[in-house]
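Now for the letters of each chain:
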Amino acid sequence: MRVLVAGATGAVGRQLVPRLEAAGHEVVGISRRGPRPVDVLDAEAVRRAVAAIAPDAVVHQLTDLGGADGAANNLVRVEGTRNLVDAARDAGVGRIVAQSISWAYAPGDAPADESVPLDPTEELPRARVVAGVRALETAVAGLPEAVVLRYGILYGPGTWYAPGGAVAAALAGDPGARFLGSTAADGSVSSFVHVGDAAEAAVRALEWPPGAYNVVDDEPAPGHVWLPVLATALGVPAPGRTEGRAPWARGAVNGRARALGWAPARPSWRTGFADRG
């Protein structure tokens, strides 16, 4: 299969391209930087690139997280995704696999499966985040074979949670550390996934039925449990425990993806945070 990877130089993209090639696919990557630079916000440039590549499938791993600017990332989710989907449709591409997130679900007490609706909140800034996710998933669903991968919080090489990354700096007390997330050791529950496991899911998703899939590890956990483990792995001070919980911070379960044969090689952040691979 000829596969276009949009976002090939990102944290997931760098893990994804060699896995696709190992699986026998012909891969062409595009990104803002690299040998084939394309600005996903330039609709005509995207259309020309996709038409020239003529892929059988598109894998959307585009983000704009380098500056920890939520508005910039939302712009990619909304306008960038629309441009990519329109270009794919014009090129006759029916299958797309797209990166989404697993923490946009409506509030609840238990980890969410894919039947839980997205959060209807109007409270800012969360409402903007969820609106961007909803726009991304709605646009992708315009293609007949659309698979949405709702990733957990990504950790591993190239992420904010890697050794020497922004989270380590924040935990060490650097006031200039910038990332989109929290270092509150409270009761808010998160689900994680290593970038390698996320990439493996994207490879497999080329054969999955259309729909949304949570791509998370096996252990949703509150901040006061996982943050000390992360701090130890990063060699920085652990934050003190605090009370409270964001009602929407409930984590997610991966049963649907597991039923199709995917399983995380790092089933828990407990050992995964210390894995330098």
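As shown above, the structure is provided for reference.
This one's a predicted model, so the numbers in the text were calculated from it and none came from an experiment. (Residues numbered from 1 in each chain as written. Predicted model: local features only at pLDDT ≥ 70, side-chain atom pairs only at ≥ 80, totals over all residues. Heavy atoms only, no water.)

### As for the environment of G67
Then, in step 1: Structurally, G67 is set in the loop between β3 (57-60) and α3 (70-90).
Then, in step 2: Taking the C-alpha atoms as reference, G67 lies 9.5 Å from L180; in sequence the two are 113 residues apart. (Helix = DSSP H or I, 4+ residues; strand = E, 2+ residues; numbered from the N terminus.)

### A few points about the environment of Y105
Then, in step 1: Turning to its location among the elements, Y105 is positioned in the loop between β4 (95-101) and α4 (126-140).
Then, in step 2: Taking C-alpha positions, Y105 is 8.5 Å from A249, a pair spaced 144 residues apart along the chain.
Then, in step 3: Ignoring sequence-local partners within four residues, the contact set of Y105 consists of A112, D113, E114, V116, P117, L118, D119, R126, R150, N214, W248 and R250.
Then, in step 4: A polar contact is formed between the side chain of Y105 and the side chain of N214, at a distance of 2.7 Å. (Contact = heavy atoms within 4.5 Å. Polar contact = N/O pair within 3.5 Å; in protein donor to acceptor, adjacent residues only side chain to side chain.)

### Thoughts on the packing of α3 against α4
Then, in step 1: One way to put it is that α3 packs onto α4 with a least axis distance of 8 Å and a crossing angle of 10°. In terms of orientation, α3 and α4 fall into the roughly parallel class. Residues N74, R77, V78, T81, R82 and V85 of α3 form the contact with α4, whose own contacting residues are R128, V129, G132, V133, A135, L136, A139 and V140.
Then, in step 2: Here the residues of the contact of α3 with α4 sort into 8 nonpolar, 3 polar and 3 charged. (Axes fitted to C-alpha atoms, helices over the stretch in contact; angles between N-to-C directions. Parallel < 35°, antiparallel > 145°, perpendicular 65-115°, else oblique. Nonpolar A, V, L, I, M, F, W, Y, C, P; charged D, E, K, R; others polar.)

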